[in-house]
Amino acid sequence: MNLIFEGSVSGRQGVKLPSSDVPVKIKLPSQYLRSKAAELPEVSELDVVRHFTRLSQRNFSVDANFYPLGSCTMKYNPKFTEKVAGMMGFADLHPLLPQLQGGEKYAQGALEVLYECERWLCEITGMNAYTMQPLAGAHGELTGIMLMAAYHKAKGNTHKKVVIVPDSAHGTNPASAAVAGYSIVAVPSDKRGVMDLDKLKAVLNDEVAGLMMTCPDTHGVFNPQIDEIARLIHSVDGIMYYDGANLNAILGRARPGDLGFDVVHLNLHKTFATPHGGGGPGSGPVGVGEKLEPFLPVSRVVKRESGEYALNYDYPHSIGYIASFYGAFGIILRAYAYMLILGREGLKQTADHAVLNANYLLHKIKPYYQVAFDRVCMHECLFSASKQADNGVHAIDIAKFLIDRNIHPPTVYFPLTVKEAIMVEPTETESKATMDEFASVMAEASALAKSSPESFKDFPLRMPISRPDEVRAAREMNVNFFDRPNARG
Ligand SMILES: *Cc1c(COP(=O)(O)O)cnc(C)c1O
(Lines give C-alpha, C1' and ligand atoms only; values in the text may rest on other atoms or scores of the structure.)
Protein backbone atom coordinates (compact mmCIF):
# COMPACT_ATOMS: atom_id res chain seq x y z
CA MET A 1 0.00 0.00 0.00
CA ASN A 2 1.12 3.49 -0.67
CA LEU A 3 0.71 5.42 2.52
CA ILE A 4 0.89 8.87 1.03
CA PHE A 5 -2.00 8.39 -1.39
CA GLU A 6 -4.00 5.30 -0.45
CA GLY A 7 -3.21 5.85 3.23
CA SER A 8 -4.78 9.28 3.29
CA VAL A 9 -7.33 9.66 6.09
CA SER A 10 -9.64 12.61 6.02
CA GLY A 11 -8.74 15.06 8.78
CA ARG A 12 -5.36 13.52 9.64
CA GLN A 13 -2.63 16.10 9.83
CA GLY A 14 1.17 16.09 10.05
CA VAL A 15 2.00 19.77 10.13
CA LYS A 16 0.40 22.87 11.38
CA LEU A 17 1.23 25.97 9.39
CA PRO A 18 1.68 29.14 11.41
CA SER A 19 -1.00 31.71 10.84
CA SER A 20 0.06 34.54 8.60
CA ASP A 21 1.63 37.42 10.47
CA VAL A 22 1.31 39.82 7.55
CA PRO A 23 -1.94 41.07 6.09
CA VAL A 24 -2.68 39.24 2.81
CA LYS A 25 -4.02 41.88 0.51
CA ILE A 26 -3.07 40.68 -2.94
CA LYS A 27 -5.55 38.46 -4.77
CA LEU A 28 -4.21 36.15 -7.46
CA PRO A 29 -5.78 36.72 -10.87
CA SER A 30 -8.39 34.05 -11.52
CA GLN A 31 -6.53 32.46 -14.44
CA TYR A 32 -3.86 31.33 -11.97
CA LEU A 33 -6.34 29.70 -9.62
CA ARG A 34 -7.34 26.03 -9.70
CA SER A 35 -10.99 25.32 -10.16
CA LYS A 36 -10.75 22.63 -7.50
CA ALA A 37 -8.53 22.53 -4.43
CA ALA A 38 -5.42 20.34 -4.88
CA GLU A 39 -5.95 16.81 -3.61
CA LEU A 40 -3.23 16.45 -1.05
CA PRO A 41 -2.90 13.33 1.06
CA GLU A 42 -3.93 13.76 4.64
CA VAL A 43 -1.33 11.92 6.65
CA SER A 44 0.58 12.16 9.90
CA GLU A 45 4.26 13.01 10.18
CA LEU A 46 5.03 9.38 11.01
CA ASP A 47 3.18 8.21 7.88
CA VAL A 48 5.38 10.50 5.80
CA VAL A 49 8.62 9.38 7.46
CA ARG A 50 7.74 5.72 6.91
CA HIS A 51 6.70 6.32 3.32
CA PHE A 52 9.92 8.03 2.33
CA THR A 53 12.13 5.67 4.32
CA ARG A 54 10.49 2.73 2.54
CA LEU A 55 10.97 4.41 -0.85
CA SER A 56 14.65 5.00 -0.10
CA GLN A 57 15.06 1.32 0.74
CA ARG A 58 13.77 0.33 -2.68
CA ASN A 59 16.86 1.87 -4.18
CA PHE A 60 20.15 0.10 -4.57
CA SER A 61 22.87 2.19 -3.05
CA VAL A 62 26.54 1.98 -2.21
CA ASP A 63 25.59 2.45 1.42
CA ALA A 64 23.48 -0.71 1.42
CA ASN A 65 24.83 -3.09 -1.21
CA PHE A 66 27.95 -4.46 -2.86
CA TYR A 67 28.22 -2.47 -6.07
CA PRO A 68 30.79 -3.96 -8.46
CA LEU A 69 29.89 -1.67 -11.37
CA GLY A 70 32.89 -1.67 -13.71
CA SER A 71 34.63 1.52 -14.84
CA CYS A 72 33.08 3.56 -12.07
CA THR A 73 35.35 3.04 -9.07
CA MET A 74 34.42 4.65 -5.69
CA LYS A 75 31.69 2.58 -4.10
CA TYR A 76 31.83 4.43 -0.85
CA ASN A 77 31.29 7.95 0.47
CA PRO A 78 34.00 8.32 3.12
CA LYS A 79 32.17 9.91 6.00
CA PHE A 80 34.87 12.40 6.92
CA THR A 81 34.81 13.92 3.42
CA GLU A 82 31.06 14.43 3.84
CA LYS A 83 31.78 16.22 7.09
CA VAL A 84 34.38 18.47 5.45
CA ALA A 85 31.99 19.30 2.59
CA GLY A 86 29.35 20.29 5.12
CA MET A 87 31.57 22.74 7.02
CA MET A 88 29.82 26.07 7.23
CA GLY A 89 32.79 28.09 6.00
CA PHE A 90 32.68 26.18 2.73
CA ALA A 91 29.05 25.21 2.33
CA ASP A 92 27.67 28.69 3.01
CA LEU A 93 30.15 30.62 0.91
CA HIS A 94 28.49 32.64 -1.84
CA PRO A 95 29.97 31.82 -5.25
CA LEU A 96 30.00 35.47 -6.30
CA LEU A 97 32.05 36.53 -3.27
CA PRO A 98 35.51 36.24 -4.85
CA GLN A 99 34.32 38.30 -7.81
CA LEU A 100 33.20 41.25 -5.72
CA GLN A 101 35.51 44.18 -5.15
CA GLY A 102 37.66 43.14 -2.18
CA GLY A 103 35.70 39.89 -1.85
CA GLU A 104 38.64 37.58 -2.48
CA LYS A 105 39.95 38.10 1.01
CA TYR A 106 36.81 36.49 2.42
CA ALA A 107 37.17 33.43 0.17
CA GLN A 108 40.85 32.65 0.76
CA GLY A 109 40.15 29.19 2.18
CA ALA A 110 38.05 28.10 -0.78
CA LEU A 111 40.53 29.54 -3.27
CA GLU A 112 43.34 27.74 -1.45
CA VAL A 113 41.43 24.45 -1.77
CA LEU A 114 41.06 24.98 -5.54
CA TYR A 115 44.72 25.97 -5.88
CA GLU A 116 46.11 23.16 -3.75
CA CYS A 117 43.84 20.52 -5.25
CA GLU A 118 45.14 21.56 -8.66
CA ARG A 119 48.76 21.22 -7.42
CA TRP A 120 48.05 17.71 -6.07
CA LEU A 121 46.41 16.60 -9.30
CA CYS A 122 49.38 17.97 -11.29
CA GLU A 123 51.75 15.95 -9.12
CA ILE A 124 49.63 12.78 -9.38
CA THR A 125 49.20 12.94 -13.15
CA GLY A 126 52.41 14.66 -14.29
CA MET A 127 50.59 17.67 -15.75
CA ASN A 128 51.46 21.40 -15.56
CA ALA A 129 48.10 22.94 -14.75
CA TYR A 130 44.41 22.11 -14.36
CA THR A 131 41.06 23.69 -14.88
CA MET A 132 38.73 22.56 -12.12
CA GLN A 133 35.61 23.76 -13.96
CA PRO A 134 34.24 20.79 -15.94
CA LEU A 135 31.26 19.16 -14.24
CA ALA A 136 31.62 15.55 -15.41
CA GLY A 137 33.99 13.25 -17.24
CA ALA A 138 32.21 13.84 -20.55
CA HIS A 139 32.31 17.60 -19.94
CA GLY A 140 36.05 17.29 -19.30
CA GLU A 141 36.43 15.41 -22.56
CA LEU A 142 34.74 18.17 -24.50
CA THR A 143 36.95 20.73 -22.74
CA GLY A 144 40.07 18.69 -23.55
CA ILE A 145 39.12 18.35 -27.20
CA MET A 146 38.41 22.10 -27.38
CA LEU A 147 41.92 22.69 -25.98
CA MET A 148 43.28 20.35 -28.64
CA ALA A 149 41.42 22.28 -31.33
CA ALA A 150 42.66 25.61 -29.95
CA TYR A 151 46.24 24.30 -30.08
CA HIS A 152 45.93 23.24 -33.72
CA LYS A 153 44.26 26.50 -34.65
CA ALA A 154 47.00 28.54 -33.00
CA LYS A 155 49.63 26.53 -34.89
CA GLY A 156 47.81 26.91 -38.20
CA ASN A 157 47.21 23.14 -38.38
CA THR A 158 44.13 23.58 -40.55
CA HIS A 159 44.42 20.07 -42.00
CA LYS A 160 43.63 18.33 -38.67
CA LYS A 161 40.26 16.64 -38.99
CA VAL A 162 40.43 13.24 -37.29
CA VAL A 163 40.44 11.95 -33.73
CA ILE A 164 41.45 8.32 -33.21
CA VAL A 165 39.85 6.18 -30.50
CA PRO A 166 40.32 2.49 -29.68
CA ASP A 167 37.29 0.26 -30.36
CA SER A 168 37.03 -0.33 -26.60
CA ALA A 169 36.53 3.39 -25.92
CA HIS A 170 33.76 4.65 -23.67
CA GLY A 171 31.00 6.10 -25.85
CA THR A 172 31.56 9.60 -24.54
CA ASN A 173 35.03 9.73 -26.18
CA PRO A 174 33.94 9.63 -29.82
CA ALA A 175 30.82 11.66 -28.91
CA SER A 176 32.90 14.49 -27.39
CA ALA A 177 35.28 14.58 -30.38
CA ALA A 178 32.32 14.62 -32.78
CA VAL A 179 30.61 17.45 -30.89
CA ALA A 180 33.84 19.44 -31.22
CA GLY A 181 33.69 18.91 -35.00
CA TYR A 182 36.14 16.06 -35.57
CA SER A 183 35.51 12.87 -37.47
CA ILE A 184 36.27 9.66 -35.64
CA VAL A 185 38.42 6.70 -36.64
CA ALA A 186 38.21 3.62 -34.41
CA VAL A 187 41.20 1.28 -34.15
CA PRO A 188 40.56 -2.36 -33.19
CA SER A 189 42.15 -4.11 -30.24
CA ASP A 190 44.49 -7.06 -30.65
CA LYS A 191 44.20 -10.45 -28.95
CA ARG A 192 45.68 -9.10 -25.73
CA GLY A 193 42.92 -6.49 -25.48
CA VAL A 194 45.11 -3.48 -26.33
CA MET A 195 45.12 -1.19 -29.36
CA ASP A 196 46.52 -2.98 -32.42
CA LEU A 197 49.70 -1.06 -33.26
CA ASP A 198 49.81 -2.04 -36.93
CA LYS A 199 46.21 -0.97 -37.41
CA LEU A 200 47.02 2.34 -35.73
CA LYS A 201 49.96 2.89 -38.10
CA ALA A 202 47.67 2.16 -41.04
CA VAL A 203 45.31 5.04 -40.19
CA LEU A 204 47.93 7.52 -38.99
CA ASN A 205 48.43 10.56 -41.21
CA ASP A 206 48.71 14.33 -41.10
CA GLU A 207 44.97 14.78 -40.65
CA VAL A 208 45.10 13.19 -37.21
CA ALA A 209 44.48 15.85 -34.56
CA GLY A 210 44.88 13.47 -31.66
CA LEU A 211 44.08 10.20 -29.96
CA MET A 212 41.83 9.57 -26.96
CA MET A 213 42.64 6.67 -24.68
CA THR A 214 41.86 5.18 -21.33
CA CYS A 215 44.86 3.58 -19.66
CA PRO A 216 44.42 0.97 -18.32
CA ASP A 217 41.77 0.64 -21.00
CA THR A 218 38.18 -0.45 -20.61
CA HIS A 219 39.29 -4.07 -20.97
CA GLY A 220 41.00 -3.59 -17.60
CA VAL A 221 44.37 -4.01 -19.32
CA PHE A 222 47.42 -1.73 -19.18
CA ASN A 223 48.81 -0.99 -22.64
CA PRO A 224 52.51 -1.92 -22.65
CA GLN A 225 53.05 -0.02 -25.92
CA ILE A 226 51.72 3.29 -24.69
CA ASP A 227 55.04 5.11 -25.19
CA GLU A 228 55.25 3.88 -28.79
CA ILE A 229 51.66 5.04 -29.42
CA ALA A 230 52.53 8.48 -27.98
CA ARG A 231 55.61 8.68 -30.20
CA LEU A 232 53.53 7.86 -33.29
CA ILE A 233 50.81 10.40 -32.49
CA HIS A 234 53.36 13.11 -31.67
CA SER A 235 55.18 12.41 -34.95
CA VAL A 236 52.19 13.94 -36.79
CA ASP A 237 51.84 16.74 -34.18
CA GLY A 238 48.80 14.99 -32.71
CA ILE A 239 47.65 15.40 -29.10
CA MET A 240 47.51 12.46 -26.68
CA TYR A 241 44.29 12.60 -24.65
CA TYR A 242 44.03 10.59 -21.43
CA ASP A 243 40.56 9.56 -20.25
CA GLY A 244 41.20 9.33 -16.52
CA ALA A 245 38.18 7.23 -15.55
CA ASN A 246 40.53 4.37 -14.68
CA LEU A 247 43.21 6.40 -12.93
CA ASN A 248 42.72 4.60 -9.63
CA ALA A 249 44.47 1.56 -11.12
CA ILE A 250 47.77 3.43 -11.40
CA LEU A 251 47.51 6.10 -8.68
CA GLY A 252 50.98 6.88 -7.42
CA ARG A 253 52.49 4.14 -9.60
CA ALA A 254 52.47 5.74 -13.05
CA ARG A 255 51.64 9.23 -14.31
CA PRO A 256 49.83 9.94 -17.59
CA GLY A 257 52.24 12.83 -18.23
CA ASP A 258 55.20 10.45 -18.02
CA LEU A 259 53.42 8.00 -20.33
CA GLY A 260 53.30 10.66 -23.06
CA PHE A 261 49.84 12.20 -22.59
CA ASP A 262 49.33 15.93 -23.22
CA VAL A 263 45.89 16.38 -21.73
CA VAL A 264 44.00 14.48 -19.03
CA HIS A 265 40.51 14.50 -17.62
CA LEU A 266 39.90 13.01 -14.21
CA ASN A 267 36.61 11.87 -12.77
CA LEU A 268 36.87 13.07 -9.19
CA HIS A 269 33.54 11.30 -8.72
CA LYS A 270 35.20 7.99 -9.55
CA THR A 271 38.71 8.17 -8.21
CA PHE A 272 38.60 10.62 -5.32
CA ALA A 273 35.93 10.11 -2.67
CA THR A 274 32.63 10.52 -4.52
CA PRO A 275 30.89 7.51 -6.08
CA HIS A 276 29.84 7.84 -9.71
CA GLY A 277 26.38 7.01 -10.86
CA GLY A 278 24.40 8.08 -7.86
CA GLY A 279 22.76 10.75 -9.94
CA GLY A 280 24.52 13.43 -7.95
CA PRO A 281 27.02 16.00 -9.11
CA GLY A 282 30.26 15.03 -10.81
CA SER A 283 33.55 16.78 -11.36
CA GLY A 284 35.86 16.33 -14.35
CA PRO A 285 38.95 18.56 -13.99
CA VAL A 286 41.18 18.77 -17.05
CA GLY A 287 44.97 18.83 -16.75
CA VAL A 288 47.39 19.89 -19.45
CA GLY A 289 51.08 19.83 -20.21
CA GLU A 290 53.01 22.85 -21.43
CA LYS A 291 51.66 22.72 -25.01
CA LEU A 292 48.02 23.27 -24.07
CA GLU A 293 48.36 25.43 -20.96
CA PRO A 294 47.82 28.82 -22.68
CA PHE A 295 44.36 27.71 -23.81
CA LEU A 296 42.93 26.64 -20.42
CA PRO A 297 39.53 28.07 -19.45
CA VAL A 298 39.31 31.15 -17.22
CA SER A 299 39.13 31.95 -14.41
CA ARG A 300 42.27 30.39 -12.96
CA VAL A 301 43.28 30.53 -9.31
CA VAL A 302 46.71 32.06 -8.76
CA LYS A 303 48.82 32.56 -5.65
CA ARG A 304 50.29 36.05 -5.38
CA GLU A 305 53.73 36.76 -3.96
CA SER A 306 52.04 37.99 -0.79
CA GLY A 307 50.72 34.45 -0.32
CA GLU A 308 47.13 35.51 -1.10
CA TYR A 309 44.98 33.60 -3.55
CA ALA A 310 43.16 35.34 -6.36
CA LEU A 311 41.21 34.68 -9.55
CA ASN A 312 43.01 35.59 -12.75
CA TYR A 313 41.21 36.15 -16.06
CA ASP A 314 44.16 37.49 -18.01
CA TYR A 315 44.89 34.68 -20.45
CA PRO A 316 44.47 36.01 -24.01
CA HIS A 317 44.53 32.54 -25.65
CA SER A 318 42.02 30.96 -23.25
CA ILE A 319 39.05 29.06 -24.70
CA GLY A 320 36.94 31.02 -22.18
CA TYR A 321 34.40 29.75 -19.69
CA ILE A 322 33.45 26.09 -19.75
CA ALA A 323 31.13 26.23 -16.74
CA SER A 324 29.71 28.88 -14.47
CA PHE A 325 31.86 29.74 -11.46
CA TYR A 326 34.65 27.32 -10.47
CA GLY A 327 33.34 23.78 -10.94
CA ALA A 328 31.53 21.43 -8.57
CA PHE A 329 33.18 22.87 -5.48
CA GLY A 330 31.72 20.37 -3.00
CA ILE A 331 33.08 17.43 -4.99
CA ILE A 332 36.49 19.11 -5.40
CA LEU A 333 36.57 19.73 -1.66
CA ARG A 334 35.83 16.08 -0.90
CA ALA A 335 38.57 15.01 -3.33
CA TYR A 336 41.09 17.33 -1.73
CA ALA A 337 40.26 16.12 1.77
CA TYR A 338 40.55 12.52 0.56
CA MET A 339 43.97 13.11 -0.99
CA LEU A 340 45.23 14.92 2.11
CA ILE A 341 44.18 12.18 4.48
CA LEU A 342 45.53 9.34 2.34
CA GLY A 343 48.75 11.08 1.40
CA ARG A 344 51.30 9.76 -1.04
CA GLU A 345 51.52 6.26 0.44
CA GLY A 346 47.80 5.94 0.99
CA LEU A 347 47.02 6.78 -2.61
CA LYS A 348 49.50 4.15 -3.79
CA GLN A 349 47.90 1.57 -1.51
CA THR A 350 44.51 2.45 -2.97
CA ALA A 351 45.74 1.45 -6.42
CA ASP A 352 47.55 -1.64 -5.16
CA HIS A 353 44.53 -2.97 -3.29
CA ALA A 354 42.13 -2.16 -6.13
CA VAL A 355 44.29 -4.19 -8.52
CA LEU A 356 44.78 -7.01 -6.01
CA ASN A 357 41.03 -7.26 -5.36
CA ALA A 358 40.18 -7.35 -9.07
CA ASN A 359 42.70 -10.11 -9.68
CA TYR A 360 41.37 -12.04 -6.70
CA LEU A 361 37.87 -11.95 -8.19
CA LEU A 362 39.19 -12.78 -11.66
CA HIS A 363 40.76 -15.91 -10.20
CA LYS A 364 37.67 -16.89 -8.16
CA ILE A 365 35.14 -16.41 -10.97
CA LYS A 366 37.24 -17.75 -13.85
CA PRO A 367 36.18 -21.39 -13.37
CA TYR A 368 32.55 -20.46 -14.16
CA TYR A 369 32.67 -17.75 -16.81
CA GLN A 370 34.76 -17.16 -19.87
CA VAL A 371 37.45 -14.55 -19.27
CA ALA A 372 37.67 -11.88 -21.98
CA PHE A 373 41.47 -11.56 -21.82
CA ASP A 374 43.23 -14.25 -19.88
CA ARG A 375 46.00 -12.28 -18.21
CA VAL A 376 46.66 -10.32 -15.06
CA CYS A 377 44.15 -7.48 -14.95
CA MET A 378 44.31 -4.02 -13.47
CA HIS A 379 41.51 -2.60 -11.29
CA GLU A 380 38.65 -4.41 -13.01
CA CYS A 381 38.15 -7.84 -14.54
CA LEU A 382 36.17 -8.61 -17.64
CA PHE A 383 34.12 -11.77 -18.19
CA SER A 384 31.79 -12.94 -20.89
CA ALA A 385 28.56 -14.84 -20.26
CA SER A 386 28.94 -16.51 -23.67
CA LYS A 387 29.02 -20.03 -22.14
CA GLN A 388 25.77 -19.30 -20.30
CA ALA A 389 24.32 -17.60 -23.40
CA ASP A 390 24.60 -20.91 -25.26
CA ASN A 391 21.97 -22.10 -22.79
CA GLY A 392 19.82 -19.03 -23.33
CA VAL A 393 20.98 -17.17 -20.21
CA HIS A 394 22.44 -13.80 -21.11
CA ALA A 395 24.52 -11.22 -19.23
CA ILE A 396 21.37 -9.21 -18.52
CA ASP A 397 19.70 -12.28 -16.96
CA ILE A 398 22.64 -12.82 -14.64
CA ALA A 399 22.55 -9.13 -13.74
CA LYS A 400 18.86 -9.46 -12.79
CA PHE A 401 19.60 -12.61 -10.74
CA LEU A 402 22.21 -10.69 -8.75
CA ILE A 403 19.66 -8.01 -7.86
CA ASP A 404 17.60 -10.62 -6.02
CA ARG A 405 20.72 -11.52 -4.07
CA ASN A 406 21.18 -7.91 -2.98
CA ILE A 407 24.16 -7.33 -5.23
CA HIS A 408 24.15 -4.42 -7.65
CA PRO A 409 24.85 -5.79 -11.16
CA PRO A 410 28.30 -5.28 -12.60
CA THR A 411 28.53 -3.29 -15.84
CA VAL A 412 27.06 -5.44 -18.62
CA TYR A 413 27.37 -5.20 -22.41
CA PHE A 414 30.28 -2.78 -22.07
CA PRO A 415 32.87 -2.63 -23.53
CA LEU A 416 31.16 -3.36 -26.83
CA THR A 417 34.18 -5.34 -28.03
CA VAL A 418 33.33 -8.31 -25.81
CA LYS A 419 30.17 -10.33 -26.41
CA GLU A 420 27.97 -10.75 -23.32
CA ALA A 421 30.41 -8.62 -21.36
CA ILE A 422 30.30 -8.60 -17.56
CA MET A 423 32.72 -6.08 -16.17
CA VAL A 424 33.47 -6.31 -12.47
CA GLU A 425 35.19 -3.66 -10.39
CA PRO A 426 35.34 -4.47 -6.68
CA THR A 427 37.56 -1.48 -5.66
CA GLU A 428 39.93 -1.38 -2.72
CA THR A 429 37.26 -0.83 -0.08
CA GLU A 430 35.63 -4.27 -0.31
CA SER A 431 36.60 -7.01 2.11
CA LYS A 432 37.64 -10.54 1.18
CA ALA A 433 34.41 -11.82 2.76
CA THR A 434 32.26 -9.62 0.49
CA MET A 435 34.21 -10.71 -2.58
CA ASP A 436 33.97 -14.39 -1.60
CA GLU A 437 30.22 -14.02 -1.22
CA PHE A 438 29.97 -12.36 -4.65
CA ALA A 439 32.09 -15.09 -6.28
CA SER A 440 29.90 -17.79 -4.77
CA VAL A 441 26.70 -16.08 -6.00
CA MET A 442 28.24 -15.84 -9.48
CA ALA A 443 29.04 -19.59 -9.31
CA GLU A 444 25.47 -20.26 -8.23
CA ALA A 445 24.15 -18.28 -11.21
CA SER A 446 26.34 -20.29 -13.54
CA ALA A 447 25.07 -23.60 -12.06
CA LEU A 448 21.46 -22.44 -12.33
CA ALA A 449 22.05 -21.41 -15.94
CA LYS A 450 22.84 -25.07 -16.62
CA SER A 451 20.15 -26.75 -14.52
CA SER A 452 17.26 -24.34 -15.00
CA PRO A 453 17.93 -21.71 -17.68
CA GLU A 454 14.23 -20.87 -18.03
CA SER A 455 14.04 -19.67 -14.42
CA PHE A 456 16.15 -16.62 -15.36
CA LYS A 457 13.31 -15.07 -17.34
CA ASP A 458 11.58 -13.86 -14.19
CA PHE A 459 14.44 -12.41 -12.15
CA PRO A 460 14.34 -10.28 -10.12
CA LEU A 461 11.44 -11.68 -8.12
CA ARG A 462 11.93 -9.64 -4.98
CA MET A 463 12.01 -6.13 -6.37
CA PRO A 464 9.13 -3.65 -6.71
CA ILE A 465 9.88 -3.32 -10.42
CA SER A 466 10.95 -6.36 -12.37
CA ARG A 467 11.98 -5.86 -15.98
CA PRO A 468 11.34 -2.39 -17.28
CA ASP A 469 12.02 -1.58 -20.91
CA GLU A 470 15.41 -0.05 -20.13
CA VAL A 471 15.79 1.92 -23.35
CA ARG A 472 12.33 3.45 -23.04
CA ALA A 473 12.87 4.08 -19.34
CA ALA A 474 15.91 6.21 -20.20
CA ARG A 475 14.54 7.93 -23.30
CA GLU A 476 10.97 8.55 -22.17
CA MET A 477 11.39 8.86 -18.46
CA ASN A 478 8.07 8.88 -16.73
CA VAL A 479 8.21 9.35 -13.00
CA ASN A 480 4.49 9.95 -12.65
CA PHE A 481 3.43 8.04 -9.57
CA PHE A 482 0.04 6.92 -10.92
CA ASP A 483 1.31 5.50 -14.15
CA ARG A 484 3.62 2.59 -13.45
CA PRO A 485 2.80 -0.30 -15.78
CA ASN A 486 5.62 -2.48 -14.40
CA ALA A 487 5.00 -1.85 -10.76
CA ARG A 488 4.37 -4.78 -8.46
CA GLY A 489 2.77 -2.62 -5.79
C1 LIG B 1 32.58 7.20 -16.69
C2 LIG B 1 33.43 7.25 -17.87
C3 LIG B 1 33.44 8.39 -18.70
C4 LIG B 1 32.46 9.55 -18.59
O5 LIG B 1 32.46 10.17 -17.35
P6 LIG B 1 31.12 10.88 -16.79
O7 LIG B 1 31.60 11.54 -15.54
O8 LIG B 1 30.13 9.80 -16.56
O9 LIG B 1 30.68 11.87 -17.82
C10 LIG B 1 34.36 8.42 -19.74
N11 LIG B 1 35.19 7.38 -19.97
C12 LIG B 1 35.19 6.27 -19.19
C13 LIG B 1 36.16 5.16 -19.48
C14 LIG B 1 34.31 6.16 -18.13
O15 LIG B 1 34.29 5.06 -17.37
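That block above? That's the structure.
Residues numbered from 1 in each chain as written. Predicted model: local features only at pLDDT ≥ 70, side-chain atom pairs only at ≥ 80, totals over all residues. Heavy atoms only, no water.

Trainee: Would you mind going over the packing of helix H4 (residues 108-125) against helix H11 (residues 329-365) in detail, with residue names and values included?
Mentor: Running from N to C, H4 and H11 point in directions that differ by 45°, and their axes come no closer than 10 Å. Between H4 and H11, the interaxial angle falls into the category oblique. The hand of the H4/H11 crossing is left-handed. Contacts from Ala-110, Val-113, Leu-114, Glu-116, Cys-117, Trp-120, Leu-121, Glu-123 and Ile-124 in H4 reach Phe-329, Ile-332, Leu-333, Tyr-336, Met-339, Leu-340, Gly-343, Arg-344 and Leu-347 in H11. A per-class count over the contact of H4 with H11 returns 14 nonpolar, one polar and three charged. (Axes fitted to C-alpha atoms, helices over the stretch in contact; angles between N-to-C directions. Helix = DSSP H or I, 4+ residues; strand = E, 2+ residues; numbered from the N terminus. Parallel < 35°, antiparallel > 145°, perpendicular 65-115°, else oblique. Left-handed = near helix turned anticlockwise from the far one by under 90°. Contact = heavy atoms within 4.5 Å. Nonpolar A, V, L, I, M, F, W, Y, C, P; charged D, E, K, R; others polar.)

Trainee: Give me empty space enclosed by the protein: which residues, what numbers.
Mentor: By the definition in use, this model includes four cavities of 30 Å³ or more. The volume enclosed by the largest cavity comes to roughly 130 Å³. Mapped onto the lining of the largest cavity, the elements with two or more residues apiece are H4, strand E1 (129-131) and strand E8 (300-303). Element by element, the count of residues in the lining of the largest cavity is highest for H4, at three residues. Taken together, the residues of the lining of the largest cavity break down into nine nonpolar, three polar and two charged. In this model, the second largest cavity occupies a volume close to 60 Å³. Considering the residues around the second largest cavity, the lining is formed by His-219, Gly-220, Val-221, Leu-362, Val-371, Phe-373, Arg-375, Val-376, Cys-377, Cys-381 and Leu-382. Split into classes, the residues belonging to the lining of the second largest cavity amount to eight nonpolar, two polar and one charged. (1 Å grid on protein atoms, 1.4 Å probe; cavity = no way out; pocket = protein on both sides within 12 Å on 5 of 7 lines; lining within 4 Å. Points joined across faces, edges and corners; volume = space filled by probe spheres on them.)

Trainee: Account for the site of the ligand, naming residues and giving values.
Mentor: Taken together, 15 residues lie around the ligand, and Ser-71, Gly-137, Asp-243, His-269 and Lys-270 are the ones closest in. One of the backbone nitrogen or oxygen atoms of Ala-138 is found 2.8 Å away from an oxygen atom of the ligand. When the ligand sits alone it has 380 Å² of accessible area, and the protein chains cover 91% of it. Elements that contribute at least two residues to the shell around the ligand include exactly helix H5 (137-155) and helix H10 (268-271). Per-element tally for the shell around the ligand: the top contributor is H5, with three residues. Across the shell around the ligand, the residue classes tally to three nonpolar, nine polar and three charged. (Near = heavy atom within 4 Å. Polar contact = N/O pair within 3.5 Å; in protein donor to acceptor, adjacent residues only side chain to side chain. Areas by Shrake-Rupley, 256 points an atom, 1.4 Å probe, with all protein chains shown as cover.)

Trainee: Describe in detail the packing of H11 against helix H14 (residues 432-451), supporting the description with residues and values.
Mentor: Direction vectors running N to C along H11 and H14 enclose 30°, while the axes themselves pass 10 Å from each other. Relative to H14, H11 is oriented roughly parallel. The element H11 and its partner H14 pack so that their crossing is right-handed. Contacts between H11 and H14 involve Asn-357, Tyr-360, Leu-361, Lys-364 and Ile-365 from the former and Lys-432, Met-435, Asp-436, Phe-438, Ala-439 and Met-442 from the latter. Of the residues assigned to the contact of H11 with H14, the class counts are seven nonpolar, one polar and three charged.

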